Amino acid sequence: MTARITLVRGDITEQHVDAIVNAANSSLLGGGGVDGAIHRKGGPEILADCRALRASHYGKGLSTGKAVATTAGRLDALHVIHTVGPVFSKEEDRSDLLASCYRESLRVARELGAESVAFPAISTGIYGWPMEDGARIAIRTVREAAIAPIAEVRFVLFDERAYQAFAEQLG
Ligand code: AR6
C-alpha cells in the first residue's frame, strides 16, 4: 500500500503529524527559513539533540541528501527528521541529491514507525531550486518511496505559488 499524498498551504511548524521534515543544513545547528521556524517553535530540546548528533556519529555534519531524526520538542509531532537539500546549480544536475532527501527522510520515518509525515518544499527557498522542478522531483520520489507504515505524506506549502506547483504535479 502506498501512502496518500496531501497538500496544504500553511506553516509546517503547525502540523500535527508523527514526523516533520526540516530543510536543514549540514551543520544541523539551525538557520533561516523552515529550519529557523522549527527551532524557534520546537524549542531548545531539538538543538540539544542536534548538538549530541554532532558530538557522536555526525562529527562532520550531515551530508547533502541524507536524513537523521531528533525529538520534536514542543512541536505537535513526535519527531523532526532533518535533511540537507542541495543548493541549486545551473552547471551541475543535483536532482538525485534532492530526490535522495525525500527518499532518505521517508526511510528514517519508516524506521521510526511514523504513519504521517509532513514535508516542506526542500531546497526551494534559500537554496534556490526552481519551484516547479522541485515539486516534480518531490512528488515523483514520494510516490515511489512512501510505503507502509507511512499512510500519509503531507506537503506543507508556504505560499500559493508553491501550492499550485505541487497541485500541478499531483494531477
Ligand atoms: N512552513 C512551510 N514552508 C516554509 C516555511 C514554513 N514555516 N518557511 C519557509 N518555507 P528554506 P532550503 C518554504 O529556505 O531552500 C536554512 O537556513 C520556503 O518558502 O527553508 O532547503 C537552512 O539552515 C521554501 O519554499 O529551505 C539551510 O541553510 C521552502 O519552505 C537552508 O535554509 C524551503 O525553504 C536550506 O534552504
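Since we're looking at a predicted model, the values are computed, not measured. (Residues numbered from 1 in each chain as written. Predicted model: local features only at pLDDT ≥ 70, side-chain atom pairs only at ≥ 80, totals over all residues. Heavy atoms only, no water.)

**Digging into the nonpolar core**
- Counting 35 residues, the largest nonpolar core has Phe119, Val142, Val153, Phe155 and Phe166 as its most contacted members.
- For this core, the secondary structure elements donating two or more residues are strand E1 (4-9), strand E2 (17-24), helix H3 (95-111), strand E5 (116-119), helix H4 (131-145), strand E6 (152-157) and helix H5 (160-170).
- Once you skip the residues sitting within four places of it in the chain, valine 142 turns out to touch Ile5, Tyr102, Leu106, Phe119, Val153 and Phe155.
- One finds Ile20, Val68, Ala72 and Leu75 within the second-largest nonpolar core, a separate group that totals 17 residues. (Core = buried A, V, L, I, M, F, W, Y, C linked by side-chain atoms within 4.5 Å. Buried < 20%, exposed > 50% of the residue type's maximum accessible area, 1.4 Å probe, protein only. Helix = DSSP H or I, 4+ residues; strand = E, 2+ residues; numbered from the N terminus. Contact = heavy atoms within 4.5 Å.)

**As for the environment of aspartate 96**
- Along the chain, aspartate 96 falls in helix H3.
- In this structure aspartate 96 comes out as exposed when scored by relative accessible area, which is 63%.
- Here the alpha-carbon distance between aspartate 96 and threonine 141, two residues 45 residues apart in the chain, equals 9.9 Å.

**Description of the pairing of strand E3 (residues 67-71)**
- Here E3 runs beside strand E4 (residues 77-84); their pairing, made up of five bridges, is antiparallel. Along E4, the bridge assignment pairs alanine 69 with isoleucine 81.
- Between the end of E3 and the start of E4, which pair antiparallel, lie five residues, with glycine 73 showing a positive phi angle near 55 degrees. (Pairing = 2+ DSSP bridges.)

**Description of the packing of H4 against H5**
- The N-to-C vectors of H4 and H5 enclose an angle of 45 degrees; their axes lie 9 Å apart at closest approach. Judged by the angle between their axes, H4 and H5 are oblique. Between H4 and H5 lies a crossing of right-handed hand. Two secondary-structure elements touch here, H4 through Met131, Glu132, Ala135, Arg136, Ala138, Ile139 and Arg143 and H5 through Arg161, Ala162, Ala165, Phe166, Gln169 and Leu170.
- Of the residues that constitute the contact of H4 with H5, the class distribution is eight nonpolar, one polar and four charged. (Axes fitted to C-alpha atoms, helices over the stretch in contact; angles between N-to-C directions. Parallel < 35°, antiparallel > 145°, perpendicular 65-115°, else oblique. Left-handed = near helix turned anticlockwise from the far one by under 90°. Nonpolar A, V, L, I, M, F, W, Y, C, P; charged D, E, K, R; others polar.)

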